[in-house]
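Residues per chain, in single letters:
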Amino acid sequence: MSVIELDTVVKRYESGTETVEALKGVDFHADRGEMVTVIGPSGSGKSTMLNMIGLLDTPTQGTVRLDGRDVTDFTADQLTEERRSVIGFVFQDFHLLPMLTAIENVELPSMWEPSTDRRERAIELLHRVGLGDRLEHTPDQLSGGQCQRVAIARALINEPDIVLADEPTGNLDQETGRTILDELTRLKEAEDVAIVSVTHDEQMVEYADRVVRIVDGVMQ
Ligand SMILES: Nc1ncnc2c1ncn2[C@@H]1O[C@H](COP(=O)(O)OP(=O)(O)O)[C@@H](O)[C@H]1O
Ligand SMILES: [Mg+2]
């Protein structure tokens, strides 16, 4: 069963008198252990789609299923709870908190869980992404590639089923971008997560198990 599924999803934005149909009946699914890359030009609806998959916004029409459960009509609170436990996020500009160490940044999404082994898991994840010797470093003491590794470890702290990556290589040089893509490829198998990345970087195609293209709100 797919861990996330969009079924004929339409998203319209109303601004003043104008209506933009950003998604025009999109079907999409991702399974555990696969990396799906969504490629499309600027304005094609990638971010809108990622917001639907990440439960950050709800469709105008259509259905969103998480592990086969219809979550389309969930309340904002219910969606937040699902998001927290099922989805990890990786962003182009890392979104790390500058005052916190690598360990603290990784721990952050699990702070409200009454967990006793949070610190141990954060340290273990940092070791797994090759930062075992950078545990107490703050983001300004780390390279861009290292910051993105911290962000990947943070995305995994709550043992998600899905990792969503919005242009994960966008702020990295090509070689560093490759090491991050190698890392994600390794983790998708080790952690049995679905990775959905959205990009306009054609380099990501060769790392994908599946590539879907979106143009003007329509899957190609
Ligand atoms: N909040 C919004 N209000 C109005 N229009 C929006 C909004 N967000 C996105 N759009 C429009 O929807 C279309 C798709 O945008 P987006 O999903 O951001 O594309 P991409 O991420 O591929 O660049 C664009 O035409 C954009 O202008
Ligand atoms: Mg975008």
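Keep in mind the model is a prediction, meaning the values are calculated, not measured.

Q: I would appreciate a short explanation of the overall build of the protein chain in the present structure.
A: Along its length, the protein chain carries six helices and ten strands. At 17 Å, the protein chain has a C-alpha radius of gyration in line with the 17 Å of a compact globule built from 220 residues. With the C-alpha coordinates aligned to their principal axes, the bounding extent of the protein chain is approximately 50 × 40 × 35 Å. Taking as baseline every contact in the protein chain between residues at least 6 positions apart, the subset at least 24 positions apart corresponds to 74%. Surface accessibility of the protein chain: about 10300 Å² in total, with carbon and sulfur atoms responsible for 47%. The distance from the centre of the 21 positive side-chain charges to the centre of the 41 negative ones in the protein chain is 0 Å.

Q: Any chance you could explain the packing of aromatic side chains here in plain terms?
A: For any two aromatic rings, the description comes down to two numbers: the centre-to-centre distance and the angle of the planes. Per the counting criterion, the structure on display carries one aromatic pair. Judged by centre distance (6.1 Å) and plane angle (10°), the rings of Phe89 and Phe91 are stacked. Using a relative accessible area of 26% as the deciding quantity, one classes Phe91 as partly exposed.

Q: Explain the pattern of salt bridges here, please?
A: Where charged atoms from two side chains of opposite charge come close, those side chains can pair. Summed over the entire model, instances satisfying the criterion amount to 21 salt bridges. Here Lys11 makes a salt bridge to Asp57, at a shortest N to O gap of 3.4 Å. Of this pair, Lys11 sits in strand E1 (residues 4-15) while Asp57 sits in the loop between helix H1 (46-53) and strand E4 (61-66), and the two are 46 residues apart along the sequence. Residue classification places Asp57 among the partly exposed positions, given a relative accessible area of 27%.

Q: Where do I start with the sheet that holds strand E2 (residues 18-30) in this structure?
A: In any sheet, the strands associate via hydrogen bonds between backbone groups, in a parallel or an antiparallel arrangement. Read across the sheet, four strands follow the order E2-E1-E4-E5 without closing on themselves; strand pairing throughout is antiparallel. Only two strands of the sheet have a single partner each, and these edge strands are E2 and strand E5 (69-70). Pairing geometry for E4 and E5, over two bridges, is antiparallel. For Arg65, the partnering residue across the bridge sits in E5 and is Asp70. With respect to the sheet, H1 is in contact with E1, E2 and E4, its orientation differing from that of E1 by roughly 125°.

Q: What am I meant to see in the sheet that holds strand E7 (residues 162-166) here?
A: Strand order in the open sheet formed by six strands is E6-E7-E8-E3-E9-E10, and the pairing between neighbours is mixed. With one partner strand each, in any of the chains shown, strand E6 (87-91) and strand E10 (218-219) form the two edges of the open sheet. Examined bridge by bridge, E7 and strand E8 (residues 194-199) share five bridges and lie parallel to one another. Counted as the bridge partner of Ile162 is Ala194 from E8. Against the sheet, helix H5 (residues 144-156) makes contact with E6 and E7, and its axis sits at roughly 165° relative to E6, the strand it touches most. Packed onto the sheet, helix H6 (residues 174-190) meets strand E3 (35-39) and E8 and runs at close to 135° relative to E3.

Q: How should the packing of H5 against H6 be read in this particular structure?
A: Two numbers describe a pair of packed helices, the interaxial angle and the distance between the axes. Interhelical geometry of H5 versus H6 gives an angle of 20° and a closest axis separation of 10 Å. With respect to H6, the element H5 is oriented roughly parallel. In this structure, H5 meets H6 at a crossing whose hand is right-handed. On H6, the residues that touch Gly145, Gln148, Arg149, Ile152 and Leu156 of H5 are Thr176, Thr179, Ile180, Glu183, Leu184 and Leu187.

Rules used throughout
In this numbering scheme, every chain counts its residues from 1 along its sequence in written order. Chains and ligands are labelled sequentially in the order written, the chains with letters from A and the ligands with numbers from 1. Per-residue local features of the predicted model are confined to residues with pLDDT of at least 70, and side-chain atom pairs are confined, for both listing and counting, to 80 or more; whole-chain, interface and lining totals are unaffected and use all residues. Note that water and hydrogens are dropped before the side-chain values are worked out from all heavy atoms of the structure. In DSSP terms, a helix is any run of H or I states spanning at least four residues, a strand is any run of E spanning at least two, and both are numbered starting from the N terminus. Using C-alpha atoms as the atom set, the radius of gyration is obtained and then compared with a globule rule of 2.2 Å times the number of residues to the power 0.38. Residue contacts are defined here by distance: any two heavy atoms, one from each residue, within 4.5 Å place the two residues in contact. Accessible surface is estimated by sampling points in the Shrake-Rupley manner with a 1.4 Å probe; for residues, cover comes only from the protein chains shown. In this charge count, Lys and Arg are treated as positive and Asp and Glu as negative; neither His nor the chain ends contribute. A charge is said to be at NZ when it belongs to Lys, at CZ for Arg, at CG for Asp and at CD for Glu. Any pair of Phe, Tyr and Trp rings, taking the six-membered ring for Trp, is counted once the centres come within 6.5 Å. Such a pair is stacked with planes under 30 degrees apart, edge-to-face with planes over 60 apart, and tilted for the rest. Burial classification: accessible surface area is computed with a 1.4 Å probe over protein chains only, and a residue below 20% of its type maximum counts as buried, one above 50% as exposed, and the rest as partly exposed. For salt bridges, the criterion is a side-chain nitrogen of Lys or Arg within 4 Å of an Asp or Glu carboxyl oxygen. The pairing criterion is simple: DSSP has to find at least two bridges between the two strands. What counts as an axis is a line fitted to C-alpha atoms, over the stretch in contact for a helix, and the angles between N-to-C directions run from 0 to 180 degrees. Each angle is binned into one of four classes, with values under 35 degrees roughly parallel, values over 145 roughly antiparallel, values of 65 to 115 roughly perpendicular, and all other values oblique. Left-handed is the label given to a crossing in which the near helix is rotated counterclockwise from the far helix by less than a right angle, and right-handed is the label when the rotation is clockwise.

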